[in-house]
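Each chain, written out:
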Amino acid sequence: MKRIGALLAGGILLAATPSFAQTVGTCPRGGGSSQPQPVRILFDLNSSHLRQAEKPAIAQAVKIAKDRQVSAVCLIGHTDKLGDKAYNLKLARARAQTVAAEMIRDGYPAKNITIVADPEAFGNMSFGSDNASDIDRKVTIFYAR
């Protein structure tokens, strides 16, 4: 059983490693009111696997970025407040990496993607099951110039 847990943890770490030419760190500044609205991609509890239903939203985000000639995209991975903070950091990064991989498959250049993990940042501040908000399990796609 311990071996399975280690394999799962290793898989999350591997999934969180950025592809060649992606930046991990701080989102580029810029854009302003002329930029498209952010896009939110939701995930299941304790998962970085992309829901099939979210793929069209990512494809649309890529289309918008290309049509509007957006030169930089920032993907911010989030988690709810359940679980260990260190684990949530890895999960948030893995979620952002999953969205990045899908955007690259849809034709957006990897070199223009920045990945940021911001676990537990937008969670409900109450305790118990209120910390398990579905809306907090997401990646937000921000556009910048």
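Not measured: the values here are computed from a predicted model.

Engineer: Can you lay out the pairing of strand S2 (residues 39–42) for me, pointing to particular residues and giving the numbers?
Structural biologist: A one-sided burial pattern is seen for S2, the buried positions being Val39 and Ile41 and the unburied ones Arg40 and Leu42. Sheet topology places S2 next to strand S5 (residues 138–144); 4 bridges connect them, and they run antiparallel. Note that in S5 the partner of Leu42 across the bridge is Lys138.

Engineer: I'd love a proper account of helix H3 (residues 85–105), names of residues and values included.
Structural biologist: Here H3 spans 30 Å end to end across 21 residues, near enough to the 30 Å set by a 1.5 Å rise per residue. Capping of H3 at its N-terminal end is provided by Asp84; its side-chain oxygen lies 3.1 Å from the backbone amide nitrogen of Ala86. Gly107 occupies a position one or two residues after H3 and carries a positive phi of about 105 degrees.

Engineer: Can you tell me about the pattern of salt bridges, naming the residues and giving the values?
Structural biologist: This structure, assessed with the given rule, holds 5 salt bridges. Between Glu102 and Arg105 there is a salt bridge, and its shortest N-O distance comes to 3.1 Å. Residue Glu102 and its partner Arg105 are both found in helix H3; the two are separated by 3 residues, about one turn of the helix. With a closest N to O distance of 2.5 Å, Asp134 and Arg137 form a salt bridge. In the salt-bridge network here, residues are joined through shared partners; they are Asp80, Asp134 and Arg137.

Rules used in this analysis
Along each chain, numbering runs from 1 in the same order as the chain's sequence is written. Local features in this predicted model are restricted to residues whose pLDDT is 70 or higher, and side-chain atom pairs enter the listing and the counts only when it is 80 or higher, whereas totals over whole chains, interfaces and linings include all residues. Hydrogens and water are ignored here; the side-chain numbers use all heavy atoms of the structure. For every residue, the accessible area obtained with a 1.4 Å probe (protein chains only) is divided by the maximum for its type, and the residue is called buried under 20%, exposed over 50%, and partly exposed between those limits. Only DSSP runs of H or I with at least four residues qualify as helices, and only runs of E with at least two residues qualify as strands; both kinds are numbered from the N terminus onward. A strand pair is defined by DSSP finding two or more bridges across the two strands. Take the residue count of a helix, subtract one, and multiply by 1.5 Å to get its expected span. Counting of polar contacts relies on pairs of N or O atoms within 3.5 Å, with two restrictions inside protein: one atom must be capable of donating a hydrogen and the other of accepting it, and residues adjacent in sequence are counted only when both atoms are side-chain atoms. Every case where a carboxyl oxygen of Asp or Glu lies within 4 Å of a side-chain nitrogen of Lys or Arg is listed as a salt bridge.

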